[in-house]
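# Close look at the chain arrangement
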Amino acid sequence: MAKFDIIAATGCPTGIAHTFMAKEALEKAAAERGLTIKVETHGQVGVENELTKSEIAGAKAVVVAADKDVQAERFAGKPMVSVGVSKALSVEAAGKLIDRALAAKGDDTVAAAADVEDEVEEKESIGHVIYKHLMNGVSHMLVFVVAGGVLTAISFLWGITSFDSTAADYNSFAAMLKIIGGIAMNLMVPVLSAYIAESIGKRPALVPGFVAGMIAIQGLPVNADTGMIDAGGAGVGFGFLGGIVGGFLAGYVILLLEKVFSKIPASLNGLKAIFLYPLCSTAIVGLVMLGISGPMAAINQGMMDFLQSLGNSGPVILGLAIGCMCAFDMGGPVNKAAYATGTFLLGTALEAGVGTETYNFGTNFMAAVSAACIVPPLITTFAVIVGKKYFSQEDHDAGIVNLILGCTHITEGAIPFMTKNIWPVMPIMMLGSSIASILTIFFNVHDPAPHGGFLVLPVVENGPQWVLAILIGAVVGGILFVAFKKYDFEKNQKAAPAKPVEAPKAAAVEAPKAEAADFVKVENVFVAENFASRDEALSFVSNQAVKAGLADDADAVMNAFLAREAEGTTGMMEGFAIPHAKSDAITEAAVIVVKDDSGVTGWDTMDGAPVNVAIALLIPGAQAGTTHLKILSKVAEALMDEGFRATVKGSTDAAEIAKTINARLV
């Protein structure tokens with residue numbers, strides 16, 4: 001069985017994009033550090049690349065990047081970092097998480113126990129814990145909403161009242177689709193509640209969670225004649241908000257009961273699971289939910305009135321709010337809040353029925369949310385086509401793929417573009433989405449389907465106007481994005497060092513050969529040095545870079561080294577470090593090697609050992625995304641080779657060390 005240095009688990013509420021983007025970032029970050037990694041993903045299709053018990057036991061550290069329950073109790077006792085999935089979407093951010101996990105301390109005693117569920121080391125913030133439980137419910141709920149909403153919307157193809165046997169456009173097949181869709185939509189709140197509870201209290205919490213959700217949609221039944229509680233009466237539901245409250249209530253009631261029943265003999269564990277937990281938790285949660293039904297219904301109505309008031313304030317205010325929320329983090333918590341609100345209002349709309357004010361507002365709101373989610377990926381598609389020369393080939397390819405993602409209501413494809421330049425790309429995306437939302441509301445578009453993008457156009461009322469609103473938002477955003485990339489491109493062109501005048505074509509052909517054969521020069525390898533600290537070693541390298549004509553400002557190079565160390569240590573394992581400086585003060589890409597057989601202390605390394613060999617990378621600012629990554633990846637790959645490490649660490653011959661490293665840069 002293979003062993004891995006790092007194991008990780010990723011998961012986002014929808015399980016479509018963030019989950020796998022975090023996986024890729026973690027894998028790349030681990031490769032840069034010469035570490036092996038296995039990443040388990042919790043996507044919409046389930047768990048993939050599942051970690052085994054032996055792999056968990058053999059790992060040095062654990063990274064959990066998830067906004068849903070990934071059974072983190074499996075990793076009890078291991079050095080671990082647990083954060084939201086959005087904290088691991090870039091290679092740089094993922095690298096910091098790996099470094100933190102390796103620096104964390106585990107508990108070997110706890111790790112040896114099979115059934116311990118205590119948290120270890122890096123404690124999650126209360127806010128993230130609550131968000132994670134909530135998103136576990138949302139992720140399970142969304143598939144019911146999508147299935148039910150789309151089926152209901154399809155039934156409208158035969159006529160807006162085709163499900164009604166008394167209507168002129170009645171169709172029995174449409175009626176059956178409406179029934180199926182309605183059942184799925186009605187399960188939305190109970191599933192939300194149940195899986196919030198399950199995230200907190202595990203499987204025993206499912207029963208009270210489902211019951212709480214059902215109470216949330218029907219309220220406290222009261223007899224209309226007597227005014228008293230009556231199982232045959234009718235109540236006022238408190239829907240989506242009630243499901244959230246009920247889910248948290250059910251989960252924490254189970255945790256309370258676990259403590260209350262903790263002194264019951266282990267031989268009666270079966271009795272607890274099958275009888276005590278479901279009976280007591282359902283009774284407690286049910287009574288509390290019925291007791292708060294009146295205030296919760298009032299709060300729910302107040303929230304609806306507030307949203308209605310936003311709509312009454314005009315398309316601009318409501319559309320601006322929706323657009324900014326959807327594009328702010330593109331699939332993150334703010335985006336999900338807007339989308340979840342839209343699905344809740346859509347469910348209420350479909351329940352109210354076609355032609356009602358509630359139906360019109362809910363489907364119009366959903367159309368605005370969908371438009372706002374579709375626009376950001378289309379902005380990138382427009383930009384990479386119109387301003388192709390300002391984008392890398394990788395960005396161009398991603399932008400073309402985003403055409404498909406955007407048209408199918410998947411916003412996350414725009415995230416890599418935004419993370420590279422949050423300012424001004426995020427405001428550009430928010431503006432484009434807001435324009436689309438405002439126009440959608442202004443054009444009186446109604447979307448009875450909660451997902452699917454342009455695939456649900458046949459059921460969208462005023463569909464052509466909806467497409468027009470989205471295209472206007474995408475084009476405006478795309479033009480602004482191209483303008484920014486043009487400015488950024490021209491600025492970098494001016495900052496780039498002048499190219500040789502003579503024989504540029506020959507130089508372009510010969511440069512890679514020189515780089516591979518003699519990138520590390522013998523005169524830039526320093527053996528038998530003695531440094532008191534990490535900073536002294538980096539200062540030595542910075543000054544030698546200026547002496548060798550590789551840089552023109554030692555202080556600027558030193559600051560670049562320290563800035564990188566502040567982001568996360570470059571100390572590796574077994575006495576190696578890969579410090580790297582990216583600066584405009586560096587005039588030529590190069591590697592400087594320093595050796596200190598006694599070891600440099602105070603340099604944070606993954607195994608706590610002092611640094612004996614520092615392979616320092618010097619990269620001009622203009623080559624930060626190309627040469628830098630190429631050299632760094634090759635050096636990191638070389639450090640995985642035991643023979644390479646032994647030769648470099650054991651040799652006192654500068655020529656041999658230079659030759660060994662150069663051979664791995666080919």
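The coordinates are above.
Thresholds, definitions, all that
- Residues numbered from 1 in each chain as written.
- Predicted model: local features only at pLDDT ≥ 70, side-chain atom pairs only at ≥ 80, totals over all residues.
- Heavy atoms only, no water.
- Helix = DSSP H or I, 4+ residues; strand = E, 2+ residues; numbered from the N terminus.
- Buried < 20%, exposed > 50% of the residue type's maximum accessible area, 1.4 Å probe, protein only.
- Contact = heavy atoms within 4.5 Å.
- Arc of directions from axis to C-beta.
- Pairing = 2+ DSSP bridges.
- 1 Å grid on protein atoms, 1.4 Å probe; cavity = no way out; pocket = protein on both sides within 12 Å on 5 of 7 lines; lining within 4 Å.
- Points joined across faces, edges and corners; volume = space filled by probe spheres on them.
- Nonpolar A, V, L, I, M, F, W, Y, C, P; charged D, E, K, R; others polar.
- Expected span 1.5 Å × (residues − 1).
- Phe/Tyr/Trp six-rings, centres within 6.5 Å; stacked < 30°, edge-to-face > 60°.
- Lys NZ or Arg CZ within 6 Å of the ring centre and 35° of its normal.
- Core = buried A, V, L, I, M, F, W, Y, C linked by side-chain atoms within 4.5 Å.
- Salt bridge = Lys/Arg side-chain N within 4 Å of Asp/Glu carboxyl O.
- Lys, Arg positive; Asp, Glu negative; His and termini not counted.
- Polar contact = N/O pair within 3.5 Å; in protein donor to acceptor, adjacent residues only side chain to side chain.
- Disulfide = S-S within 2.5 Å.

### Quick word on the environment of Val39
With respect to the helices, strands and loops of the structure, Val39 is situated in strand 2 (residues 37-43). Judged by its relative accessible area of 0%, Val39 falls in the buried class. Remark: the alpha-carbon pair of Val39 and Ile6, spanning 33 residues in sequence, is separated by 8.5 Å. Apart from the residues within four sequence positions on either side, Val39 is in contact with Ala8, Thr10, Lys23, Leu26, Glu27, Glu48 and Asn49.

### Things to note about helix 23 (residues 642-650)
The set of residues buried in helix 23 consists of Phe644, Arg645 and Val648. All buried residues of helix 23 fall inside an arc of 95° around its axis, so they share one side. Seen from the open side of helix 23, the exposed residues pointing more than 90 degrees away from its buried face are Glu642 and Gly650.

### Here we look at the pairing of strand 2
Burial within strand 2 is extensive, with seven of its seven residues counted as buried. Here strand 1 (residues 6-11) runs beside strand 2; their pairing, made up of six bridges, is parallel. Bridge pairing links Thr10 to Thr41 in strand 2. The pairing of strand 2 with strand 3 (residues 46-48) spans three bridges and is antiparallel. Looking at the pairing, Gly43 lines up with Gly46 of strand 3.

### Brief notes about empty space enclosed by the protein
Throughout the structure, instances matching the rule amount to five cavities of 30 Å³ or more. Empty space within the largest cavity amounts to approximately 90 Å³. Along its surface, the largest cavity is lined by eleven residues, and Glu32, Arg33, Arg564, Met572 and His580 are the ones closest to its centre. Broken down by class, the residue content of the lining of the largest cavity amounts to four nonpolar, three polar and four charged.

### Side note on helix 7 (residues 188-201)
Its 14 residues place the ends of helix 7 20 Å apart at the C-alpha level, agreeing with the 20 Å of an ideal helix rising 1.5 Å per residue. Buried residues dominate helix 7, accounting for 13 of its 14 residues. Residue Lys202 follows helix 7 closely and has a positive phi angle near 60°.

### A look at the packing of aromatic side chains
In this description, an aromatic ring pair is defined by two values, namely the gap between the centres and the angle between the planes. What the rule picks out here adds up to twelve aromatic pairs. Pairing Phe361 with Phe365 gives two aromatic rings, centres 6.0 Å apart and planes at 50°, and the pair type is tilted. Of this pair, Phe361 and Phe365 both sit in helix 14 (residues 357-386), four residues apart, which is roughly one turn of that helix. Note on Phe454 and Trp466: the rings are 5.9 Å apart at their centroids and 90° apart in plane angle, and the pair reads as edge-to-face. Placement of the pair is Phe454 in the loop between helix 17 (422-442) and helix 18 (463-495) and Trp466 in helix 18, with a sequence separation of twelve residues. Residue classification places Phe454 among the buried positions, given a relative accessible area of 19%. Judged by its relative accessible area of 0%, Trp466 is buried. Geometry around Phe163 places Lys178 over its ring, the cationic atom sitting 4.7 Å from the centre. The cationic tip of Lys485 hangs over the ring face of Phe391; the distance from NZ or CZ to the ring centre is 5.1 Å.

### Here's the deal with the nonpolar core
In terms of nonpolar packing, the biggest core is built from 86 residues, with Ile98, Trp466, Phe481, Val593, Ile615 and Ile661 touching the most fellow members. With near-sequence residues (within four places) excluded, Ile615 lies in contact with Phe576, Ala577, Ile578, Pro579, Val591, Ile592, Val593, Val635 and Ile661. The next biggest cluster of nonpolar side chains, apart from the first, holds 55 residues, and it includes Val145, Met185, Val189 and Phe240.

### Here's the deal with unusual backbone geometry
At the junction of Trp423 and Pro424, the peptide bond is cis and its omega measures out at 10° in the coordinates. On the secondary structure map, Pro424 appears in helix 17. One non-glycine residue with positive phi stands out, namely Gln71, at about 55°. Tracing the chain through its elements places Gln71 in the loop between strand 4 (61-66) and strand 5 (80-83). Taking relative accessible area as the criterion, Gln71 reaches 29% and is therefore assigned partly exposed. Although it is not a glycine, Asn444 adopts a positive phi angle of roughly 60°. Here Asn444 shows up in the loop between helix 17 and helix 18. Take Asn444: its relative accessible area is 40%, and that puts it in the partly exposed class.

### Points about the pattern of salt bridges
For side chains bearing opposite charge, pairing can occur when the charged atoms are close. Under the defined criterion, the tally for this structure stands at 14 salt bridges. Two residues, Lys486 and Glu490, come together in a salt bridge whose shortest N-O distance is 2.8 Å. With a gap of four residues between them, Lys486 and Glu490 both fall in helix 18, about one helical turn apart. Given a relative accessible area of 35%, Lys486 falls into the partly exposed group. Using a relative accessible area of 36% as the deciding quantity, one classes Glu490 as partly exposed.

### Regarding the side chain of Asp596
Looking at the secondary structure, you find Asp596 in strand 9 (residues 590-600). Summary of buried charges: Asp596 has no salt-bridge partner, and the nearest side chain of opposite charge, Lys595, is 9.8 Å away. A polar side-chain atom of Asp596 sits 2.6 Å from a polar atom in the side chain of Ser598. Not counting the four nearest positions on each side in its chain, Asp596 is found in contact with Glu529, Asn530, Phe531, Val611 and Asn612.

### Some thoughts on the state of the cysteines
The tally for this structure, following the rule as stated, stands at zero disulfides. The thiol of Cys326 is not disulfide-bonded; the next cysteine sulfur, from Cys373, is found 3.9 Å away. The exposure class of Cys326 is buried, given its relative accessible area of 0%.

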